[in-house]
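# Coordinate inspection notes
Each chain, written out:
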Amino acid sequence: MTDLPANPIPAPSAAPSADWPALPLAAWQDTYATLHMWTQIVGKVRLALTPLVNHWWNVPLYVNARGLTTSLMRSGESSFEISFDFIDHQLRIRTCDDRTRTLALKPRTVADFYREFFAALHALGLHAKIWPMPAEIPDPIRFDQDSTHHAYDPEYANRFWRILANLDAVFTQFRAGFIGKSSPVHFFWGSFDFCVTRFSGRRAPERPGADAITREAYSHEVISAGFWPGCGKIAGPAFYAYAAPAPKGFAEAPVRPAPAYYDKDLGEFILMYDDVRTAPDPAASLMQFLQSTYEAGATLGNWNRQELEKAPPSASGASSASGAA
């Protein structure tokens, strides 16, 4: 029998740059703000109906073949799923006995979406009580009173999902190279970011004054990487990577690819999405960033890498892996 390679999971093949669409923040900022609120409403239902899993892993959404999904949840005797479909531009609520309600994703206020969404849940006999205030944003407006956010551009919603679908493949391959504790690859609706997190296995120092969410999220040493559409000084979509707690020398560590840099205000390495999507091999460029920032944090933080890692992942080695079969 042919020996298997050290990391037999094939990497995603390199996609041409045209498959990594542009997502200029200014072009879809209003849609982004509205969609952020809609995902929070749906995400809070998942929070209400699932038991707490370490580091809040019960609350994120997941990328699927058409958009984002809650995965299966339970309300009373009914199991159901809620999905954002960014191809047909619908929110779909579907139960395990094949009852369905849909909402059109179109320009509408958050308040209107909130009312129609809960009416659809109740029509299916599904019930969840949520706190109707947005999380993790400045100047929040109650969902049921928010007539400020009402934009929806289907082209940019679709582009955002297509990016996440690409990232899901690369992040999943990156995750496969680690045999220690790792988060799923998931989308946090509070911060509107897509991420994966590795753990050293050691508890982290207490954070004086931290709120309950932060204490739970950072109870153990982590190195995390992710993507978000940008805000504030990061005026466009970007990848980030950080270590918590950050070991001495982390900010000065050399990382790849060349356009990546350390932002002292954020305490994170940053790589702009446009530098990845315009690279000759976007997947390989992103994998360089994920791997090099992890290696910097793990080495400087004295992680037991020999026990925690498989062979380093490749972003463009599918042909060599398949050739060993």
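Residues numbered from 1 in each chain as written. Predicted model: local features only at pLDDT ≥ 70, side-chain atom pairs only at ≥ 80, totals over all residues. Heavy atoms only, no water.

### Describing the packing of aromatic side chains
By the definition in use, this model includes 27 aromatic pairs. Judged by centre distance (4.8 Å) and plane angle (10°), the rings of W38 and F113 are stacked. Taken as a pair, W38 in helix α1 (residues 25–49) and F113 in helix α2 (residues 110–123) lie far apart in primary sequence, 75 residues in all. Look at W38 and you get buried, because its relative accessible area is 0%. An angle of 70° between the planes, with centres 6.0 Å apart, marks the rings of Y294 and W303 as edge-to-face. Judged on exposure class, the residue Y294 and its partner W303 are both buried. Members of the aromatic cluster, connected to one another through ring pairs, are W38, F113, Y114, F117, F118, F143 and Y152. The ring centre of F199 lies 4.4 Å from the NZ or CZ of K181, which sits over that ring. The ring centre of F174 lies 3.7 Å from the NZ or CZ of R198, which sits over that ring. (Phe/Tyr/Trp six-rings, centres within 6.5 Å; stacked < 30°, edge-to-face > 60°. Helix = DSSP H or I, 4+ residues; strand = E, 2+ residues; numbered from the N terminus. Buried < 20%, exposed > 50% of the residue type's maximum accessible area, 1.4 Å probe, protein only. Lys NZ or Arg CZ within 6 Å of the ring centre and 35° of its normal.)

### With respect to the sheet that holds strand β12 (residues 268–272)
One open sheet accounts for 6 strands, arranged β7-β8-β9-β10-β12-β11; its pairing is antiparallel. Looking at the sheet topology across the chains shown, the edges are occupied by β7 (186–188) and β11 (261–263). Adjacent strand axes in the sheet meet at a mean angle of 35° when their direction is disregarded. As paired strands, strand β8 (residues 193–203) and strand β9 (residues 220–228) are joined by 7 bridges and run antiparallel to one another. For T197, the partnering residue across the bridge sits in β9 and is S224. Docked against the sheet, helix α3 (residues 154–176) engages β7, β8, β9 and β10 (238–244), running at close to 25° with respect to β8. (Pairing = 2+ DSSP bridges. Axes fitted to C-alpha atoms, helices over the stretch in contact; angles between N-to-C directions. Contact = heavy atoms within 4.5 Å.)

### Comments concerning the environment of M37
One can find M37 in helix α1. Taking the C-alpha atoms as reference, M37 lies 26 Å from R99; in sequence the two are 62 residues apart. Filtering out sequence-adjacent residues up to four positions away, M37 remains in contact with V110, P134, I137, F143, D146 and H149.

### What to know about the environment of E116
In this fold, E116 is placed in helix α2. The partly exposed category is assigned to E116, whose relative accessible area is 31%. For the pair formed by E116 and L103, sequence separation is 13 residues and the distance between their alpha carbons is 7.5 Å. Of the polar contacts made by the side chain of E116, one reaches the side chain of R108; its length is 2.7 Å. (Polar contact = N/O pair within 3.5 Å; in protein donor to acceptor, adjacent residues only side chain to side chain.)

### Concerning the pairing of strand β4 (residues 78–85)
Across the 8 residues that make up β4, a large majority, 7, are buried. Judged from the 3 bridges that link them, strand β2 (residues 67–69) and β4 form a sheet pairing that is antiparallel. Within the sheet, the bridge partner assigned to T69 lies in β4 and is S83. Pairing analysis gives 6 bridges linking β4 to strand β5 (residues 90–95), with the strands arranged antiparallel. Note on β5: the bridge partner recorded for I82 is I93.

### Regarding the packing of α3 against helix α6 (residues 282–300)
Contact geometry for α3 and α6: axes closest at 10 Å, N-to-C directions at 40°. One element, α3, and the other, α6, form an angle in the oblique class. In terms of crossing hand, the pair formed by α3 and α6 is right-handed. Along its contact with α3, which presents L167, V170, F171, Q173 and F174, the element α6 presents A283, L286, M287, L290, Q291 and Y294. Class assignment of the residues belonging to the contact of α3 with α6 gives a composition of 9 nonpolar, 2 polar and no charged. (Parallel < 35°, antiparallel > 145°, perpendicular 65-115°, else oblique. Left-handed = near helix turned anticlockwise from the far one by under 90°. Nonpolar A, V, L, I, M, F, W, Y, C, P; charged D, E, K, R; others polar.)

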